Every structure is written in C-alpha cells, then in structure tokens.
Number of protein chains: 2
Amino acid sequence: MGKITIQEVAQAAGVSKATLSRFLNQNYSHMSEKTRQRIAETVKAMDYRPSRRAQSLKTNHSRLIGIMIADISNVYVSLLLKGITSYLKTRDYQTLIMESGNSLEQEQQQLNQMLDQSVEGIILQPNSRKSSDYDFIAAATVPLVLIDRETWPPQWDTIVTNNFHASYLLGQQAQWSLKPYTMGLVVSENIHAVSTREQRLAGFIEGVAPLNVETLELQDIATLGDRVVELVEQKEHPLIFANNGQVLAAILQIVQTLTLKIPIDVGVAGYDDWNWAGLVSPGISTIEQHPDKIGYLASQTLVKLIQSPDQSEVARIHSYPATIKLRSSI
Amino acid sequence: MGKITIQEVAQAAGVSKATLSRFLNQNYSHMSEKTRQRIAETVKAMDYRPSRRAQSLKTNHSRLIGIMIADISNVYVSLLLKGITSYLKTRDYQTLIMESGNSLEQEQQQLNQMLDQSVEGIILQPNSRKSSDYDFIAAATVPLVLIDRETWPPQWDTIVTNNFHASYLLGQQAQWSLKPYTMGLVVSENIHAVSTREQRLAGFIEGVAPLNVETLELQDIATLGDRVVELVEQKEHPLIFANNGQVLAAILQIVQTLTLKIPIDVGVAGYDDWNWAGLVSPGISTIEQHPDKIGYLASQTLVKLIQSPDQSEVARIHSYPATIKLRSSI
DNA sequence: CTGTTAGCGCGTTCAA
DNA sequence: TTGAACGCGCTAACAG
C-alpha cells in the first residue's frame, strides 16, 4: 500500500505523470537534463516506489512466479526452493509459493489461484501423473516446468533425478556384501501415486536381480517392525531399501528399537534427503539427490520459456544425476 | 494472463460488466433469478476467473502476505513455513516468500519489493536487532509480525521460543550427571547477530552455574575439533551445547571422527531442528522447538492485525515453550 | 432489477 | 521536450 502515487510525485516535481513515468522507465531520451535532475531528487526525497500491481495491469508483467510443491516441510523440497529462489532472485522475479498437501484437488484449486494472481510462469511438483490435468495452465498461456516427478505423455519440460539408474547402481552393491543377501525389501509411501517412487523401485529390483524383492507400503511403524522381525526370524538376510528420507528415518528407528545389527541382521540403504545418514552408526549407504541444482535448473528453464514462449513446442525431460554414498550398512 | 475479461463474459451473457461484477461478488440481492442463472452458466462455460491484480487495484486487497525468512533451506524455517501456510490457506491468503540470506541489505531491498507487490501484511524473521530498521513498513501502513527473533525496543508483535528458559532447564540437568562436568562449551554461529542466540547462551550459563562456560563461534569444523581435543587432553569433562541444529550436526560429526565416547568423554546437548538426534547413539538430549506452532500463531496474529489495524498500538511478545527431550548424552 | 459512469495507479500514444 | 487523454480489468456510486 505504498500510499504515495505517481500523480503526487509528478505534482511535487512540477511535471506531468507522463514525464515521471518516462523517468522511471529510464526513457531519458526525450527529457531535459534539468527536469531529469529535478525528478530524480523529488523521487528520492519522497521515497517513491511505483506499485507493481498497477504497472502489471498495464504491461502484463507481474514479475511473479508460482511455485507449487507437495509438502513444504520436506527437506528435499526446502533445498529445491533454495535453488529456485537463488536463481530467480538474480532475475528479479518474486515467488508465490503454495503447497498442495499431496492432494490433487487442492493442487488444482491453488494453481488457479496462482493464475488469478497473474503469475508469469509456474514450477510444479505434480500430484497427477496425467499431463492433460495441467492443460488449463497452457490455456492461460502460462509457461510450466515440472520438477521431481514426471507426467504422461511427455508434454511439459521436466527436471528430475535419474531415479532408476541411481537405484539400480545401489542395488548392484548387494553383490559385494560379505554376508550374502537373500532378498530385497523396498519400503515406500503409497508407491504408485508418483512416477518417482515407481522408478526407484524398478531400478532397485533390476539392480539386485536375481534376488527376490518384496514391497512394503509404509502405513505405520508397527507393521513395518513386525515384518522385519518375521523376516529375521525366518533366517532371511534382507537388504532394506528406503524410498525417501522420511522412510529411511522410520526404518532406522525401527532397527534401533529392535536392537538389530546393521549389516549383520539386515542391510539398510536408501534415499537420504537430510544428508544425516552418514552420522548414524555404522554409516548408512545412501543416494543423495541435488535438489538445489534441480531447482536452479528448473527456474532457468522457466525463465527461458517466459522470454521465448515459442520454444515450448518440444517438452524436454532433463534428468540430473544423484550421488551414491557407499558406507558400511550394506 | 487469464486472457478472457469480464467485458467479454458480460457480452456473452448479454448483461453489463456491472451486473456481472455484482454476480461475482455474490450481490444477488438486486438481480432477477433468470439473469443470475444465465450468468452462472456463461461464467462456468467460459471458465472465467477474475484477475486479482485488477480487482486489487480497485479494492486495495491483494490477498498477498509477504514472508521474509533468513534461510529457506533451514529445517526450522521449513516447519515454520508449514505452520504459516497451513493457517493462511484457510483464510484464502497467498504467500510471497523471500529469503534474506542473513544479509540486512538484501532483506531491506526485498521487503521493499514486497511492498511494491502490495502485500497486505508481512511476517519477518529479522536480521536487524533495531526495531526502527522496519519503520518504513509501518509507514506503508502494512502490519508486521516478527518471528523467531526479537528487535529492540519492543515495537512489533513477536512470536519466539522461550529460549532463555529452555536452555536454562537443560543446563540444570548437568547437575545430575554421573560423571560431573567441569565446564560448559557453547558452540554457536555468530553469536551476537541475533537475540535468539544470545538468550540461549545466557540461559545455559545460568543453568549450569557455577560451572565455567566457554563460548566458541563455529567457524570451521577443524578449529572446533582442535579445541575439543585440547579440552579432553587437559582432563576436562565438558558439556558441549549446540545453539542450533546445524551446529549440533557439526558437533556430532566431530565427536564421531575423534571417536570420543558420549557422555564419558564429553556431554552433548543442544537445539535440534531435525528431530533426528534421538537416533544418534547414545541418544542426544535436545531442546525441540515447535516452529509449526509458532508459524501458525504468527499468521493468526497477523491476520487479526490486518482486520483491525488499530490493535497494533501495543506490541506483544509471545513466547512459545520448547520441549526438552532428555536422553543419554549428558 | 439493471446499465452508465467514474476512477484505482500506471504506461503510452498523439499532439503541441 | 512535455502534457492531455485513453485504457489495462475491475468495483462501486449513481441513475433509471
């Protein structure tokens, strides 16, 4: 609510709004040196700043970018945001950040609110796997870049981790274990909801082949604990694989509660968003993503799209390599 | 860029903009049932949504709230944001989130950008300790609520953790150690930069009294490690206290590298933003804050302020209690 | 019950 | 070199 308007400043400087506007937009070409000086002084003195919403109404440039993520308290996401904002800051864009809470309905509703606020582009961690669910964004001629998850068929530029390959490589490590594994146990949240989780599972399965792989959706800690106990009692030697950082934390908690030895009783590995798993005894082998890089790349891509919307004809999937940290847990 | 305007919809429905506007604002009182139906249909058919920036230009309500935090990748902050957005969502506010990077200059610049975007209120984790540094926000008649850190003299509503008291209580626990501590060692980032850190230090000092307390600013891991080694070699038994989660992580890493035993060689405790320290052997005693609650409270306070700006006469400092988790590390 | 009109704060012709 | 006048999309008097 910068109370003071261009009109008042113009009056104070003894010129018209038009002249002042030219000054603000660096149109000095048609202006005497004297008036320019005078305007500069009054603007500074009155500490005047033009209103973006009025500007944008005229120019159609809000300098607002919408960011829609699933869960803002997720560590992966916060690093993602770091990367995004660090780039957009340099380009003088502001970020309208919203959270879908993993609900498609909320997501759609809030995406619409973003459009209402006239964002110039959107970065989205999608809850839906159908590309067409986001057609309405294109209809509003707002560029869209997806992040962390893919939709089908390919229609939007997308930046993801090389989930399949990284999980594959980690799975391969099971071969070098001193005490051979008898099976894999992949623990994940609701696995078919998003492409990312499926790809991690698929990569792992292929990596540990020909080992049998069991999949366990993480409902509550107790059920997971029970299953692990069962397996150990059956003399299995499972390699437990966590599909994300939260799941990894849960697994470690269970293993500790049950006082199982890693990697003697069970092997443990997985995706680590915290970069903390190295501190947990005996050092957990993990896959580290680089969300900051992904965020940076996504915002770069988006800004390019904003500046030349014609390029958006071909959707490119860019997959960013994860880093595998081998420690003593497998 | 919702290309389609109220004008076009009005035309399609065979009414004037004014009538359509009344419909959009639920002013059905003066409207025939027939036209109302007709308008409803066309609006739905054309999937029309009014532009917020045009609306706001007229009504002075952008429904935008500015959130300015120091470091978005910080876990504490991400939970803070969770609390903030979860409340604002219910009140139909959108959040413009920016990051100061712990730089006062950037902070001031970006706060101005927020005002340019006509935010209706601001939640700020301040980099400055001087209340007057934020006078320009009041000058723009935009309500302001501070979070996590205090400024002096009291001038803005503020929500913080009860840092002094929580640290005091934790310090007291040193008395019950089996092997008596000979000193305290507080590790912190740049300690006098923000009120929060000073208060944690002060509380701890009073808590462990009459023990002597040494303060160490965390520059790099190596220096910290060297100092710890020195102390142990001098037969000291220090209680190391981490001023925040990042510092705690660093300390644990060092202790592990040096293969020191907790709590035999050193005691370790501190603020834990991750809620992970319970997993690290032998269980680290920590102070857990409740950033989500703080964020929720702050946004509630702000919305109240927006709705009745007169209340802002008295600045209230609200201090929210932390939870102390005693484990085996001290 | 509905349309006409006048701005909100700014950028941009078109004349002067 | 400058200013008057119009319009961006919308809301809100004021008429009718």
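Residues numbered from 1 in each chain as written. Chains lettered and ligands numbered in written order. Predicted model: local features only at pLDDT ≥ 70, side-chain atom pairs only at ≥ 80, totals over all residues. Heavy atoms only, no water.

A look at the sheet that holds strand β7 (residues 212-217) of chain B
Residues and elements named next belong to chain B.
Right, on to step 1. Strand order in the open sheet made by the six strands is β7-β6-β8-β9-β10-β12, with mixed pairing throughout. With one partner strand each, in any of the chains shown, β7 and β12 (323-325) form the two edges of the open sheet. Recorded for the sheet is a direction-independent mean angle of 15 degrees between the axes of neighbouring strands.
Right, on to step 2. The sheet contact formed by strand β9 (residues 267-271) and strand β10 (residues 285-288) spans three bridges and is parallel. For Gly-270, the partnering residue across the bridge sits in β10 and is Thr-286. (Pairing = 2+ DSSP bridges. Helix = DSSP H or I, 4+ residues; strand = E, 2+ residues; numbered from the N terminus. Axes fitted to C-alpha atoms, helices over the stretch in contact; angles between N-to-C directions.)

Observations concerning the protein's contact with DNA strand D
Right, on to step 1. Near DNA strand D, the surroundings consist of 27 residues, among which A:Arg22, A:Thr35, B:Ile6, B:Lys17 and B:Tyr48 are the closest.
Right, on to step 2. Here the atoms of DNA strand D within 4 Å of the protein split so that 58% fall in sugar or phosphate, with bases taking the remainder.
Right, on to step 3. Contacts to DNA strand D include A:Arg22, whose side-chain N or O atom sits 2.3 Å from a base oxygen.
Right, on to step 4. Of all the secondary structure elements, the ones that give two or more residues to the surface near DNA strand D are α2 (17-24) and α4 (52-59) of chain A together with α2 (17-24) and α4 (52-59) of chain B.
Right, on to step 5. Classifying every residue of the surface near DNA strand D gives nine nonpolar, 13 polar and five charged. (Near = heavy atom within 4 Å. Polar contact = N/O pair within 3.5 Å; in protein donor to acceptor, adjacent residues only side chain to side chain. Nonpolar A, V, L, I, M, F, W, Y, C, P; charged D, E, K, R; others polar.)

Overview of the interface of chain A and chain B
Right, on to step 1. Every contact between the two is made by 53 residues of chain A and, on the other side, 53 residues of chain B.
Right, on to step 2. Together chain A and chain B conceal approximately 5,100 Å² of surface at their shared face, both sides included; 54% is due to carbon and sulfur atoms.
Right, on to step 3. On the surface where chain A and chain B come into contact, there are eight salt bridges.
Right, on to step 4. Between B:Glu99 and A:Lys89 there is a salt bridge, with its nearest N and O atoms 3.8 Å apart.
Right, on to step 5. Where chain A packs against chain B, one counts 30 residue pairs in polar contact (both at pLDDT 80 or more). (Contact = heavy atoms within 4.5 Å. Buried area = accessible area lost by both parts, 1.4 Å probe. Salt bridge = Lys/Arg side-chain N within 4 Å of Asp/Glu carboxyl O.)

Brief notes about the nonpolar core
Right, on to step 1. In this structure, A:Ile251, A:Val268, A:Trp276, B:Ile251, B:Val268 and B:Trp276 are the most contacted members of the largest nonpolar core, which totals 54 residues.
Right, on to step 2. Elements with a minimum of two residues in this core: β6 (183-188), α10 (221-233), β8 (238-242) and α11 (245-257) of chain A together with β6 (183-188), α10 (221-233), β8 (238-242) and α11 (245-257) of chain B.
Right, on to step 3. Those residues in contact with B:Val268, other than ones at most four positions away along the chain, are B:Leu239, B:Ile240, B:Leu248, B:Ile251, B:Leu252, B:Val255, B:Ile262, B:Ile284, B:Ser285, B:Ser329 and B:Ile330.
Right, on to step 4. With 47 residues, the next largest nonpolar core counts A:Tyr87, A:Leu305, A:Ile306 and B:Leu88 among its residues. (Core = buried A, V, L, I, M, F, W, Y, C linked by side-chain atoms within 4.5 Å. Buried < 20%, exposed > 50% of the residue type's maximum accessible area, 1.4 Å probe, protein only.)

Some remarks on empty space enclosed by the protein
Right, on to step 1. The final tally for this structure, using the stated rule, is two cavities of 30 Å³ or more.
Right, on to step 2. Size it by volume and the largest cavity reaches roughly 140 Å³.
Right, on to step 3. Along its surface, the largest cavity is lined by 14 residues, and A:Arg53, A:Gln117, B:Arg53, B:Leu64 and B:Gln117 are the ones closest to its centre.
Right, on to step 4. Those elements that place two or more of their residues in the lining of the largest cavity are α4 of chain A together with α4 of chain B.
Right, on to step 5. Partitioned by chemical class, the residues of the lining of the largest cavity number two nonpolar, eight polar and four charged.
Right, on to step 6. One number sums up the size of the second largest cavity: a volume of about 40 Å³.
Right, on to step 7. Surrounding the second largest cavity, A:Leu216, A:Glu217, A:Leu218, A:Gln219, A:Asp220, A:Thr223 and A:Leu224 form its lining.
Right, on to step 8. If you list the elements that add at least two residues to the lining of the second largest cavity, you get β7 (212-217) and α10 of chain A. (1 Å grid on protein atoms, 1.4 Å probe; cavity = no way out; pocket = protein on both sides within 12 Å on 5 of 7 lines; lining within 4 Å. Points joined across faces, edges and corners; volume = space filled by probe spheres on them.)

Quick look at the protein's contact with DNA strand C
Right, on to step 1. With respect to spatial proximity, 26 residues lie near DNA strand C, and among them A:Ile6, A:Tyr48, B:Arg22, B:Thr35 and B:Lys58 are the closest.
Right, on to step 2. The separation between a phosphate oxygen of DNA strand C and a polar main-chain atom of A:Ser51 is 3.0 Å.
Right, on to step 3. Of all the secondary structure elements, the ones that give two or more residues to the surface near DNA strand C are α2 and α4 of chain A together with α2 and α4 of chain B.
Right, on to step 4. Its residues placed into classes, the surface near DNA strand C shows nine nonpolar, twelve polar and five charged.

Observations concerning the domain arrangement of chain A
Residue and element names in this part refer to chain A.
Right, on to step 1. When cut into domains, chain A gives domain 1 (6-50), domain 2 (64-161 + 291-321) and domain 3 (163-288).
Right, on to step 2. The interface is formed by twelve residues belonging to domain 2 together with twelve residues belonging to domain 3.
Right, on to step 3. Where domain 2 abuts domain 3, roughly 1,000 Å² becomes buried across the two surfaces, and 38% of that area is made up of carbon and sulfur atoms.
Right, on to step 4. Seen at the junction of domain 2 and domain 3, the total is one salt bridge.
Right, on to step 5. Of the charged contacts in the structure, one is a salt bridge between Arg-129 and Glu-198, with a shortest N-O distance of 3.2 Å.
Right, on to step 6. Linking domain 2 with domain 3 are six residue pairs in polar contact (both at pLDDT 80 or more), by the criterion used here.
Right, on to step 7. A breakdown of the residues in the side of domain 2 that touches domain 3 according to their chemical character gives four nonpolar, three polar and five charged. (Domains from an automatic or database assignment.)

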